[in-house]
Amino acid sequence: MYMERRATFGTWFAALAAFCAWRHTWWHRGKCALASRNLKQEIIVRLKGYDAIHAHQDRLGREINDRWDGCAGAWKYTKRSETAHEHPTDFLVMSVAPKHKTDLERFVRSVDFVKDTHPQNRYVDLLASTDTPTERSPGTRHMLEVPTKVGYQPAKELEAELLWTQGYEGEGVKIGIFDTGIKLPHPSMENVTERTNWTDENTLEDGLGHGSFVAGMVGSTNPSCQGFAPKTKIYTFRVFTNAQVSYTSWFLDAFNYAIATRVNIINLSIGGPDFMDAPFVEKIMEVTSNGIIMISAIGNDGPRYGTLNNPADQNDVIGVGGLERDRYIASFSSRGMSTWELPSGYGRIKPDVITFGRDVMGIKISSGCRKLSGTSVASPVVAGAVCLLASTVPSSIRWDVLNPASMKQALIEGAEKIPDASIFVQGSGKMNLKRSAEVLQQYVPKATLQPPVLDFTDCPYMWPFCTQPLYASALPTIFNATILNAMGVTGTLLGKPSWIPDNEAGKLLHVDFAYSDVIWPWSGYLAIFLAVHPGGSNFDGVASGFIKFDVVSPPGLGESEERRCQITVPVKLRIIPTPARKHRVLWDQYRNVRYPPAYIPRDSLEFKSDLLDWHGDHLHTNFHGFYDALRSNGYYVETIGHPLTCVNFSQYGTLIITDPEDDFHEAELSKVYHDVTEGGLGVLVLGEWYNVKIMKTMKFLDENTRSWWSPYTGGANLPALNKLLGPFGILLGDRIFSGRLSFGSQHMRITSGANIIRFPAGGHTATADSHMKDVTASTYKQSTEKVDWHIMGFTEVGRGRLAVAGDTFCFDSDGADNCFWAIPHLLRYTSEGARDKALFEYTTQLEEELDQTQLFRPPEYRTDLQFEDVSHVMDREIECGWSTTLAANSNMPFNQMHQETGKIADSNSSTGSSETPPWDRVDGKTDVASGAQRDLSHSKGFYTSRGEADSLAEASVHQFSTLSVAPVTGTPIFLDMSMGGRMLARVYGASLAAVTYLVFKMYHRFRRPPLRPRVE
């Protein structure tokens, strides 16, 4: 009986073990089988060298199969075009199952011949009208075309016939048109040399007409819509489908082929705000480093400033803006400055040139002519002109002389300025074909600076620099110029630039520089820091002088000596006596976070067509109207892109904190509290909406990563602002209001603003009128209609004053209904304590403390996202960054010089008491969010451009960015035990380790070899 029971028990146990093993095998293979049918996410794998696609695939496939322990069916190679397989490549495209993406990417990045991995970006082309904005996917690149009514012929208007009569028609020049292809035969196009298709549609034909129009601007022979260079060889690269869709890999393959076929010029009538799309951006630099002249549209996001599109905003690309009626800037044309460098630095000058972009005649898809508008039209106007200009250079030396830098120099030197437009709007001015041709006739490769002259008295062209003179004790004025080096693809500065005063006033200037270690490709940056010596605090006059520096490049072919060029840049500016404290204003730029690298939503929830906040929130971008209002009312404004502890507040009447997305260092909070209460500082705070419920509804599916994007913050970071305002007895709430504040005949439009829920007794507040609505009322059970909504407040605290408003919309130049009229009244209060009737007559003084915290909640930090990934403040030490602003003509550093005169304090000599302010007044807690637990964010990875350069390609990124962003992160990997293992542990109460060992031992006895991944 005993033996019988033992045999029965053994049989049952063996059967159970066999079932568990079968169950695990089925579960494992089932999951892998499901994964193989769910390969929705594509990644680009960049490699450290060129080789045939199949060679790269075989090599990486072996590494994955031999060393990665994930599901064999969890990935495959994405199909590429046949042409791509015929030429070497430096990247692969993989389709990956979402659940395995993080683990596989981590492994692939560890392979020694892999450079990095990035999402396969999807570009959606929507032909956006300037009059009726069309919704598009956030952050995508798109063709930049708008509808139009009347027609111009640019070739005729720019007098191309003068060069045609001399026998120049683009002969011997090859151009690549990256667009929607072209339909052949076409009666107006006689010189289309090759057509290639890089999309997943099996056609070379243009189904939209955009690519035909662009190609015709270069080579059309139709007299009614004549192209610039009819004998230019045209290569069409079809990178957009008829559904107006493209992918990063299609562009990368097409760019590689353009390099292989040695086209001379490329036109890109596309653009988007994501300048951190590393595969695309770095490939552009590789293309131009091969001598190919790249022309691209600057964007159709005007008249807003800070809206430059990539790749036109790159130094090595000719960025083209739009012109209408020969002398007016097109309203749709995007404006500068570049925003790569914010918040710590200053942007570059773009566009490079402007030309006809509205009502331009071009060929139709089959025959005849039609009219289009947009910078996607202006770009091929310049591209066609460049083809024509290139043909004027003798063929024997043509491509020894012409390159991206020399052609840009010719266009810049030949351009003519448009009256009443700033450098950030028109760049070097309107393209002049005749004058640029004359430049090329006498051209010798050289290095130049863009702009070649720094006349800060030339208004309005040099706005904003011409509108505010320099004075002693001010923070340095920064100008970010571009070095163009046509002597070679690489170059360096031979020593530090020097400042040579031209008059006595010039000797009062301290001039310092920061510049590219390596000028590549063909370009670099020169940041110029200007400050007035303390001895010039009472001077009033014009200072002038010269900046001189030498650029050297390696010898050319057949040469033995380095190429060298000295650049001399005239500088002229006005110096005035140092203004009184009450007239000096400090603008906090350090708090700005934008897209890219993070999903930061627009300040107004009414903008449904453009979700992303990407304009920089700078006084010279979308707050340029605010800046002009400050200056026209006699205020002098300085911008700080570093922590507030890095500056001496005793020099300023008002600190302005507007629409801050980032947090505050504890030392900053202490310093502001002290300088307000003890130092008499005034603070103007303009907030925005912040509501976690609304933020979570604003998520969207990013088709590139197949992951959900959710905002890191609201229009402003109100939890951080409440940490600043709490010690003063002020809090902002999380409700969202829209309507207006009335001040007699004037009003302020409130669009997605916050309300004040706590304010000290004795202060004055402005409450909403009948036009105001609680946008978030439907998300809360408790009605607030019978309660006053306080939107703006004024209070005195100690020796200082605060003015607080819950919205910035009407102060932002993007808003249609501005309230710049209020700026001088606000500043007179914060800086001087004046209570102008224009505001205070319509406010109510509080007899007791306002406390609505039982009805309205103060917003709290999101705990489901890791804001540290994109913050300049959180988990970071205070760095002032003034080390780059040493006084060039002084034996002492800039900081030391100003500390001795009591003008500027660095991070180690912060003025004021270290007394801790009453943080317990922040919502009755020690800190609103100090103990909040933040989960890991599953955020999109972005290109990190800071770091030591290991190659020229890596060195080149220093010319653009001062940002440092988080590396790729992803979903944590968890061990998924089989159902059989969990069941055995439950039934027998055995240890998990023992059960796991038993199940896997049985499994390995019966399992089959894993399937190899399918390679295409």
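Fair warning: this is a prediction, and the values are worked out from it, not measured in the lab. (Residues numbered from 1 in each chain as written. Predicted model: local features only at pLDDT ≥ 70, side-chain atom pairs only at ≥ 80, totals over all residues. Heavy atoms only, no water.)

Either a parallel or an antiparallel arrangement is found when strands of a sheet pair, and the pairing is made through backbone hydrogen bonds. Pairing is antiparallel in the open sheet, where 4 strands are placed in the order 19-21-25-24. Strands at the two margins of the open sheet, each flanked by one partner only, are strand 19 (447-450) and strand 24 (509-515). Put simply, the sheet's adjacent strands are angled 30° from each other on average, direction ignored. (Pairing = 2+ DSSP bridges. Helix = DSSP H or I, 4+ residues; strand = E, 2+ residues; numbered from the N terminus. Axes fitted to C-alpha atoms, helices over the stretch in contact; angles between N-to-C directions.)

This part covers unusual backbone geometry. The phi torsion of most residues other than glycine is negative, and most of the peptide bonds are trans. A cis amide bond links Lys350 with the next residue in sequence, Pro351, at an omega value of 0°. Along the chain, Tyr595 connects to Pro596 via a cis peptide bond; the corresponding omega equals -25°. Following the sequence through the fold, Pro596 ends up in the loop between strand 28 (584-588) and helix 15 (624-632). Unusually for a residue other than glycine, Arg262 sits at a positive phi of about 60°. Along the chain, Arg262 falls in the loop between helix 8 (248-261) and strand 11 (265-268). For Arg262, a relative accessible area of 65% puts it in the exposed group. Positive phi values are uncommon outside glycine, yet Asp875 reaches one of about 60°. With respect to the secondary-structure elements, Asp875 resides in the loop between strand 43 (850-851) and helix 21 (894-900). (Buried < 20%, exposed > 50% of the residue type's maximum accessible area, 1.4 Å probe, protein only.)

The tally for this structure, following the rule as stated, stands at 40 aromatic pairs. Ring pairing ties together the aromatic residues Tyr123, Phe178, Trp198, Phe237, Phe240, Phe251, Phe255, Tyr257 and Phe280, which thus form one cluster. Between Arg80 and the ring centre of Phe91, over which it is positioned, the NZ or CZ distance is 4.0 Å. Note that Lys699 overlies the ring of Trp708, its terminal NZ or CZ placed 5.0 Å from the centroid. (Phe/Tyr/Trp six-rings, centres within 6.5 Å; stacked < 30°, edge-to-face > 60°. Lys NZ or Arg CZ within 6 Å of the ring centre and 35° of its normal.)

On to the state of the cysteines. Under the counting rule described, the total for this entry stands at 4 disulfides. Here Cys225 engages in a disulfide with Cys369; their sulfurs sit 2.1 Å apart. Around the S-S axis, the bridge from Cys225 to Cys369 shows a dihedral of about -70° and counts as left-handed. Highlighted residues: Cys225 in the loop between helix 7 (210-219) and strand 9 (233-238) and Cys369 in strand 18 (residues 369-372), separated in sequence by 144 residues. Residue Cys225 shares its accessibility class with Cys369, and that shared class is buried. (Disulfide = S-S within 2.5 Å.)

The next point concerns the side chain of Thr853. Examined against the element boundaries, Thr853 turns out to sit in the loop between strand 43 and helix 21. Separated by 2.6 Å, the side chains of Thr853 and Asp851 make a polar contact. (Polar contact = N/O pair within 3.5 Å; in protein donor to acceptor, adjacent residues only side chain to side chain.)

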